[in-house]
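So you can see what is in the structure, the chains are spelled out below.
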Amino acid sequence: MSEIQVASRYAKSLLDLAEEQNSLEMIKSDIDSFLAILRSTPELKAVLKNPIINPDKKFAIIKAVFGTSVHEIVLTFFKIVISKGRSEILFETAKEFVNGYNRIKGIIKAKIISAAPLTEENKAEILRVVKEATNNEVVLESLVDEDLIGGFVLKVGDKQFDTSISSSLNKLRKEFLQKVVS
């Protein structure tokens, strides 16, 4: 079974338990904190992935870092996953938990990449259009890529809308090449 499948199953178990215990929001907040700390501390991520480090030692480290700041369910969940020798998937499991939470709450992620920084008005308009088109709450991530020259690329779920000048130039170049070869 792939790492993502296993992480997905663990995440679903935690989601189900969180809903059953009426602590979904609190656990989601703890998982967000866990992800933020792992992203900013590659050493901790490396410890969790290291097969040589004893599971008891791994849990002691996790407990020292998160012990009093996370819900008891989260700490127990970490202990179970680590004791089963699956600490290397905790990061993926946390990401899958957030994805599951977003599905439950009707939240979708959108990413907009533009050639120049967008104004708050531009972002608000994009949020409005995506929310209207999908009937979901939208979390928008905005990035700048000067290589686009102009325009933007909007990714919503598995769909992509590319209005960038660089993409248009590439299409034009391909058309010219096809006509020259013909």
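Anyway, here's the lowdown on the structure attached to this text. Owing to the predicted nature of the structure, the values given are computational and were not obtained by experimental measurement. (Residues numbered from 1 in each chain as written. Predicted model: local features only at pLDDT ≥ 70, side-chain atom pairs only at ≥ 80, totals over all residues. Heavy atoms only, no water.)

**A short note on the pairing of strand β1 (residues 107-114)**
With 8 bridges connecting them, β1 and strand β2 (residues 137-144) associate as parallel partners. Each bridged residue has a counterpart across the sheet, and for A110 the counterpart in β2 is L140. This β-α-β element, β1 to helix α7 (residues 120-134) to β2, shows right-handed connectivity. Summarising the sheet, β1 and strand β3 (residues 152-156) pair through 5 bridges and their orientation is antiparallel. (Pairing = 2+ DSSP bridges. Helix = DSSP H or I, 4+ residues; strand = E, 2+ residues; numbered from the N terminus. Right-handed = clockwise from strand over helix to strand, strands pointing away.)

**A word on the nonpolar core**
In this structure, I27, I31, F34, I62, L90 and F97 are the most contacted members of the largest nonpolar core, which totals 32 residues. Within the residue set of this core, elements represented by two or more residues are α1 (3-20), α2 (24-40), α3 (42-49), α4 (55-66), α5 (72-83) and α6 (90-105). Looking at this core, the element that brings in the most residues is α5, giving 7 residues. Ignoring anything within four residues of it in the chain, the contact list for I31 reads L14, V74, A94, F97 and V98. Of all hydrophobic cores here, the second largest spans 8 residues; its members include I108, A110, I112 and L154. (Core = buried A, V, L, I, M, F, W, Y, C linked by side-chain atoms within 4.5 Å. Buried < 20%, exposed > 50% of the residue type's maximum accessible area, 1.4 Å probe, protein only. Contact = heavy atoms within 4.5 Å.)

**Things to note about the packing of α1 against α6**
Interaxial distance between α1 and α6 falls to 8 Å at its minimum, and their mutual angle equals 55°. Viewed along their axes, α1 and α6 adopt a mutual orientation that is oblique. Every pair of crossing elements has a handedness; the one defined by α1 and α6 is right-handed. Taking contact as the criterion, the partners of E3, I4, A7, S8, Y10, A11, L14, L15 and E19 in α1 are, on α6, E92, T93, E96, F97, G100, Y101 and I104. Split by residue class, the contact of α1 with α6 holds 9 nonpolar, 3 polar and 4 charged. (Axes fitted to C-alpha atoms, helices over the stretch in contact; angles between N-to-C directions. Parallel < 35°, antiparallel > 145°, perpendicular 65-115°, else oblique. Left-handed = near helix turned anticlockwise from the far one by under 90°. Nonpolar A, V, L, I, M, F, W, Y, C, P; charged D, E, K, R; others polar.)

Fair warning: the whole summary comes from geometry, so function is off the table for now.
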